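Take a look at the letters that make up each chain.
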Amino acid sequence: METRNLTCINCPMGCQLTVVTDGGEVVSVTGNTCPRGEIYARKEVTHPTRIVTSTVSVSGGVIPVVSVKTASDIPKESIQAVMDAVSGVCVNAPVSIGDVLLENIAGTGAALVATKNVAAKQL
Amino acid sequence: MNKAGLSYYDIVIIGGGPAGLAAAISAKESGADSILVLERDRELGGILNQCIHNGFGLHTFKEELTGPEYAARFISRFHELGIDCRLNTMVLDLKAEAPSGDEGSSNGCIKTITYSSRSEGLVQITAGAVILAMGCRERPRGALNTPGYRPAGIYTAGTAQRLVNIEGCMPGRRVVILGSGDIGLIMARRMTLEGAKVLAVAEVMPYSGGLKRNIVQCLDDYGIPLLLSHTVTEIKGKERVEAVVISEVDENRRPVPGTEKEYECDTLLLSVGLLPENELSRGAGVGISPVTSGPVVSESLETSVPGVFACGNVLHVHDLVDYVSEEAAAAGKRAAEYIKGGASAGSDTPCVPVKTGNGVRYTVPSYIHPDKAGERITLRFRVGDVYRDCAICVYLNDSRIARKKARILAPGEMQEVILSGDELRSFPDLTEIKVCIEAN
């Protein structure tokens, strides 16, 4: 039996969750006040995921970088691999929200998409 | 054009961030036609443009957006509605004066706005109503009294955020963060992802001012220590930051001798609080709350100057942008009604103060005209300390009308209670509304 204490992040309540696992299987979740807390706790101890947000270089834009995100959440342990892949990306302006800048980033299956419109610089 | 030859707008909104955008959209949708937004940056969206992390809009759109995406939804609606805005435009002065010859009705008070921009120079315009939506500013190093030289490498967290996320440059490589406000937490993760080493986040209070979610996902995920009841007591380095000394503090927030620990670093980020930016409001004679540093407002979000409304972080600092948008939409609607003359600033209707009881630092609004309150009023407030297993209580005079249990209340998380307009109006001889925290 193994016990982990987590802080639920679903809402500003921040419930203190206690998760008991046995051989990778979740035995119990306590401390949550709503079902989302239990779902979060189960996921967080078995396969935690995150949306990664960052920026990539833009050439010819009104600003030098455009903000990006992974279109879906990726395994937490892949964050560094995703960041390494992000740092190699450079795009040409204009860029629009939702533009796919890289497919299947770092083998996670998630696309890297722009989250900001960056217009081309008027010469 | 009015008599003095100045352009006139029904509603001028100062600031094109989340509050200004939502106020403008709502005012337009409520029937106001002549609206102008003045924004000092080169684009609309305000601070959202540099908040590239996700988690915005869960309440409003039921999905998690990044800051720029959240802003873009409002910006596209703003443009769809054909609302006017001036970018790269800095408002320098706001005056609210009853025009001479007028019978002195409070509704006749005309607002004069002076702004400057590179393309137009110095310009004066007039407005029937003004919505203050200037947002807030970070507390700078000067507000901290930390001894030491003035080396390079000390930034507010928001400045660092702008440098990294908009300008595309890193302010440093080995970082200590003072203050655990949300921007500081977000920047701890952001700098780490960009290859910097964040050594620690020091927080003078025994609890963090940031959202739980940010403590988990920005610090815990990356093994960054959060040192509660600690502060920076010395900054070393003359040209560039070379190290900072962090000490433990006692219950009176005074450093405990002998607990000093030196952290070698080249950068110190400050995330030590936000202050509503109210220079223009003060200049216009708007009454300011000493607790929030924002205007004192009624249920209509109208300030002490008739026809001047306030919303968003200029009014009180919010932690979720969704609430800024909601509050700003209410201000926009009320400003539109003011212009139509429907719900004008009536000094003749009864006015009830909202008092803060045990544990409540402030409320917005701080007074209510029950006759103008409509169906429901959202009362937002913050607590002054961490309270566990307690209840938020609302009293009308001496009778308790609401009791909402809460497992935990923290100063970093804004609370709200909804009051029923009918209940206020039907209460006999209502002289006071009180919000307080009671043990459960």
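Sequence order sets the numbering: in each chain, residues are counted from 1 along the sequence as written. Here the convention is simple: chains get letters from A, ligands get numbers from 1, in the order in which they are written. Only residues with pLDDT of at least 70 are given local features in this predicted model, and only at 80 or more are side-chain atom pairs given and counted; all residues enter the totals for whole chains, interfaces and linings. Think of the side-chain values as coming from all heavy atoms in the structure, minus any hydrogens and water.

(A) Fine view of the overall build of chain B. Numbering of helices and strands starts at the N terminus; helices are DSSP runs of H or I of at least 4 residues and strands are runs of E of at least 2. Each helix and strand in chain B was counted, giving nine helices and 27 strands. Throughout, the radius of gyration refers to the C-alpha atoms, and the reference size of a globule is 2.2 Å times the residue count to the power 0.38. Relative to the 2.2 N^0.38 estimate, which gives 22 Å for 440 residues, the radius of gyration of chain B is 23 Å and therefore close to what a compact globule would have. Taking the principal axes of the C-alpha coordinates as reference, chain B spans close to 70 × 60 × 40 Å. Categorising residues by exposure relies on relative accessible area from a 1.4 Å probe, with only protein chains included: less than 20% of the type maximum marks a residue as buried, more than 50% marks it as exposed, and the intermediate range marks it as partly exposed. With 440 residues in all, chain B has 55% of them scored as buried. Within chain B, counting contacts between residues at least 6 apart in sequence, those at least 24 apart form 63% of the total. Taken together, the 47 basic and 55 acidic charged side chains of chain B have centroids lying 3 Å from each other. Any pair of residues with heavy atoms lying within 4.5 Å of one another is described as a contacting pair. Asp and Glu are treated as the negative residues and Lys and Arg as the positive ones, with His and the ends of the chain left uncounted. A charged residue contributes its charge at one atom only: NZ of Lys, CZ of Arg, CG of Asp or CD of Glu.

(B) Focus on helix α1 (residues 18–29) of chain B. All names here are of chain B. For α1, built from 12 residues, the straight-helix expectation of 16 Å at 1.5 Å per residue is met to within 8% by its first-to-last C-alpha distance of 17 Å. The element α1 is largely enclosed, with a buried count of 10 among its 12 residues. Buried residues belonging to α1 abut β1 (7–14), β2 (35–38), α3 (67–80), β8 (121–132) and α8 (321–340). After α1 finishes, the residue Gly 31 shows a positive phi value of roughly 105°. Helices are assigned an expected span. That span is 1.5 Å times one less than the residue count.

(C) Expanded view of the domain arrangement of chain B. Residues and elements named next belong to chain B. The split of the chain into domains comes from an automatic or database domain assignment. Here chain B is described as being made up of domain 1 (1–138 + 273–344), domain 2 (140–272) and domain 3 (349–440). In this assembly, four residues from domain 2 lie in contact with six residues from domain 3. Throughout, the accessible surface (probe 1.4 Å) given up by two parts as they are put together, summed over both, is called the buried area. Summed over the three residues of domain 2 that lose the most area to domain 3, namely Tyr 207, Leu 211 and Lys 212, the buried surface amounts to 78% of that side. Each reported salt bridge corresponds to a side-chain nitrogen of Lys or Arg within 4 Å of a carboxyl oxygen of Asp or Glu. Linking domain 2 with domain 3 are zero salt bridges.

(D) Spotlight on the sheet that holds strand β16 (residues 261–264) of chain B. All names here are of chain B. Ordered in space as β14-β15-β16, the three strands form an open sheet in which the pairing is antiparallel. Pairing within the sheet leaves two strands with one partner each, and these edge strands are β14 (230–236) and β16. Averaged over all neighbouring strand pairs, the angle between strand axes comes to 30°, with direction disregarded. Both β14 and strand β15 (residues 243–248) contribute to a ladder of six bridges, which runs antiparallel. Looking at the pairing, Val 232 lines up with Ile 246 of β15. Here a strand pair is declared whenever DSSP counts at least two bridges between the two strands. An axis is simply a line fitted to the C-alpha atoms; with a helix, the fit covers only the stretch in contact. Between two such axes, the angle follows the N-to-C directions and lies from 0 to 180 degrees.

(E) Up close: the nonpolar core. Side-chain atoms within 4.5 Å are what join buried Ala, Val, Leu, Ile, Met, Phe, Trp, Tyr and Cys residues into a set we call a nonpolar core. Ile 11, Ile 13, Ile 113, Ile 125 and Leu 132 of chain B are the most contacted members of the largest nonpolar core, which totals 64 residues. Two domains share this core, each providing at least three of its residues, namely domain 1 (1–138 + 273–344) and domain 3 (349–440) of chain B. Apart from the residues within four sequence positions on either side, Ile 125 of chain B is in contact with Leu 6, Ser 7, Tyr 9, Val 12, Leu 36, Leu 38, Lys 111, Thr 112, Ile 113 and Tyr 115 of chain B. Membership of the second largest hydrophobic core comes to 23 residues, among which are Val 58, Ile 79, Met 83 and Ile 105 of chain A.

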